Every structure is written in C-alpha cells, then in structure tokens.
Amino acid sequence: MLKFIVISDSTGETCEQIISAAFAQFNLEDKEIERFSNVRDMERLNNIFNKIQANSDSIIFYSLVDEHLIEHLKKSSELKNINAVDVLTPAIVAIERVTNLAPITKPGALRNLDAQYFKRVDAIDFAVRYDDGKDPRGVLSADVTILGVSRTSKTPLSMYLANKNFRVANIPLVPETPVPKEIFQVSNKKIIGLTNSPEKLNSIRKSRLQSLGLPANSSYSNLDRILLELEHAHSIMKRVGCPIIDVSERAIEETAEIIIRHLRKINDRL
C-alpha cells in the first residue's frame, strides 16, 4: 500500500488537495492518506514520526513555515528513508525573490486567505441572488440594502461592495410596485438610498434604450416620468430614514467608499 502522510501547521487541506490532483495522473487503487494538522512544535512533530514506520513506499507532503520544524522534518524523513515533499517553501522563496519582501512565516496564513476568498464568493453569490428585488427576504440578512430608481448604479455598486466582502441586497423603487415590507424590518442604518439628477437619468436611460435598439423617446426616459419616480423614491427613503447619496457626479468607487465608511462607523458603535 502506498501511504501519503500530510503534515501541516494549519489544516493540511491544501496538501491533501495537491495529492488528490496528483492522484488523477495515476491509476492508484491501493492508497491511504493520513493527515496531521496544526503541527507547530518539535514535540508534536516527534510524536508523529514515532508513529510513522520506516517505509520507502510512504511519501510525506508537508506545508510548514517554521524553518526549524522543516529542517527537523527533513532529517527525520531521511533517517526513516521516507520521501518528503515541501509543497509551500518553493512558492514562498520564488515570491520572496521577485518581490524582495520577507515572508511573515505565520502558520495558517493560507487558511486565512482562503477564508477571505470564500467570504467574498459568498458575498458575490448573495448580491446576485438578491439583485434588483428578486427576493426581498435578502434585506433581512444583508449587511446593507441599496434603494433607488432604475439606472442609479444599484447593481454595479452591489457587486463592487460584494468584492469587498459585504453582503448587499438592492431594491428598485417604482411607483407602481409595492415597497417590500422587509426594508421597514431592519435598522435604517443598514439601508442606503441612491438618487441622481433628472437630467443625468434622462441621458443615461436614453443611451440604455438605444443600446437595446429601442426608441429613445419611450416613457422610461421621459423627464416627467423620471421626476415622478424620483419623488416617489425620495418619499420612501424619508419614511425609512436612511442616508441618501447623490450619485450624479460620483464614480461607483466613490459611492462605495462612502457606504463602507458608514458601515464601519455603525459597527464601531455596536
């Protein structure tokens, strides 16, 4: 039996994924993986090697950042005649050479990065799921909900904030559509209203219609209709009591920064 031994100062999941990728290149039926996680001191490492039998049919895959542990593991592997593969150090050395930066040598750093990655993926999935009022229930679990009439950049702003790990729902405000009750069930500090100048909306909506091959003089871009929508939206935002941001002269990044500062201020007070 070919035995794969994973030794890591974190969970060891990275090593195991690499081994699994390598498995795909071979027809290995008789194999076993044993994982040792959170190995951060000599005593723990020695205990592991006391359990490992000298066996040339075993391979150790390790991801450690402590140089003393790495050297000790190498010597112990040689004494037991076991192949040992360092899956982390070559990458660290390459990055260090190119950037001239010193590694932080923090165990579990990759796991922390992975956690941030999955948090971002979750936030993006949330933004897509609760975009444009598809499901108002998202308001109840969102970090922030964005309100506004059509073409006030609700969706691109939601996606930008999602990439900053914020779970965002957005609700379009249309006079003919009832306002979701959920926006009155959460703190108004977690709701942001967006507005734009009538002239800017008129121009944006005409361009949008033209890009879709539709007449530019439809009711969607009609100035009187836009004024009606804005009046309705402002009345809703005032009822909610939420901050209102005028996006007419702001890039998405600027608006997002205002929202992020607002959310951080709220969290600091909690």
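This one's a predicted model, so the numbers in the text were calculated from it and none came from an experiment.

Definitions and cut-offs
Residues numbered from 1 in each chain as written. Predicted model: local features only at pLDDT ≥ 70, side-chain atom pairs only at ≥ 80, totals over all residues. Heavy atoms only, no water. Buried < 20%, exposed > 50% of the residue type's maximum accessible area, 1.4 Å probe, protein only. Helix = DSSP H or I, 4+ residues; strand = E, 2+ residues; numbered from the N terminus. Pairing = 2+ DSSP bridges. Right-handed = clockwise from strand over helix to strand, strands pointing away. Core = buried A, V, L, I, M, F, W, Y, C linked by side-chain atoms within 4.5 Å. Contact = heavy atoms within 4.5 Å. Axes fitted to C-alpha atoms, helices over the stretch in contact; angles between N-to-C directions. Patch = residues over 30% accessible without salt bridge, like charges linked within 9 Å, V, L, I, M, F, W, Y side chains within 5 Å. Areas by Shrake-Rupley, 256 points an atom, 1.4 Å probe, with all protein chains shown as cover. Salt bridge = Lys/Arg side-chain N within 4 Å of Asp/Glu carboxyl O. Parallel < 35°, antiparallel > 145°, perpendicular 65-115°, else oblique. Left-handed = near helix turned anticlockwise from the far one by under 90°. Nonpolar A, V, L, I, M, F, W, Y, C, P; charged D, E, K, R; others polar.

Regarding the pairing of strand β3 (residues 58-63)
Argument step 1. By the criterion of burial, β3 is predominantly enclosed, with 5 of the 6 residues buried.
Argument step 2. With 6 bridges joining them, strand β1 (residues 2-8) and β3 adopt parallel strand pairing. The partner of S8 across the bridge, within β3, is S63.
Argument step 3. Here β3 pairs with strand β4 (residues 83-86) via 4 bridges, running parallel. By the bridge assignment, I59 is partnered in β4 with N83.
Argument step 4. Crossover connection from β3 via helix α3 (residues 67-79) to parallel β4: handedness right-handed.

A few points about the nonpolar core
Argument step 1. Ranked by internal contacts, the top residues of the largest apolar core, which has 16 residues, are L147, L173, I183, I191 and V240.
Argument step 2. The dominant element in this core, judged by the number of residues it contributes, is helix α8 (residues 223-240), at 6 residues.
Argument step 3. Other than its neighbours up to four places away in sequence, V240 contacts L147, I183, F184, N188 and I191.

Concerning the sheet that holds strand β7 (residues 191-195)
Argument step 1. With respect to topology, 4 strands assemble into an open sheet ordered β6-β5-β7-β8, the strand pairing being parallel. The open sheet has two free edges, formed respectively by β6 (168-172) and β8 (244-246), since each of these has just one partner strand. Along the sheet, successive strands turn relative to each other by an average axial angle of 25 degrees, direction set aside.
Argument step 2. In terms of strand pairing, strand β5 (residues 144-148) meets β6 through 5 bridges, oriented parallel. Its bridge partner lying in β6, L147 is registered against I171.
Argument step 3. Each of β5, β6 and β7 is contacted by helix α6 (residues 154-162), which is oriented at about 175 degrees to β6, the strand it contacts most.

Quick look at the environment of V121
Argument step 1. Relative to the assigned elements, V121 resides in helix α5 (residues 109-129).
Argument step 2. Counting along the chain gives 77 residues from V121 to R44, while the straight-line C-alpha distance between them is 35 Å.

With respect to a nonpolar patch on the surface
Argument step 1. A cluster of nonpolar side chains, namely Y117, F118 and V121, defines an oily patch on the protein surface of about 320 Å² accessible area.
Argument step 2. Counting through the fold element by element, Y117 comes out in helix α5.
Argument step 3. For Y117, a relative accessible area of 46% gives the class partly exposed.

Section: the packing of helix α7 (residues 198-211) against α8
Argument step 1. Their axes nearest at 10 Å, the elements α7 and α8 cross at an angle of 120 degrees. In terms of axis orientation, α7 runs oblique to α8. Pair α7 / α8 crosses with right-handed handedness. Facing α7, whose interface residues are P198, L201, N202 and R205, α8 presents L223, I226, L227, E229 and L230.
Argument step 2. Its residues assigned to classes, the contact of α7 with α8 shows 6 nonpolar, 1 polar and 2 charged.

Just distances and angles here, no functional claims.
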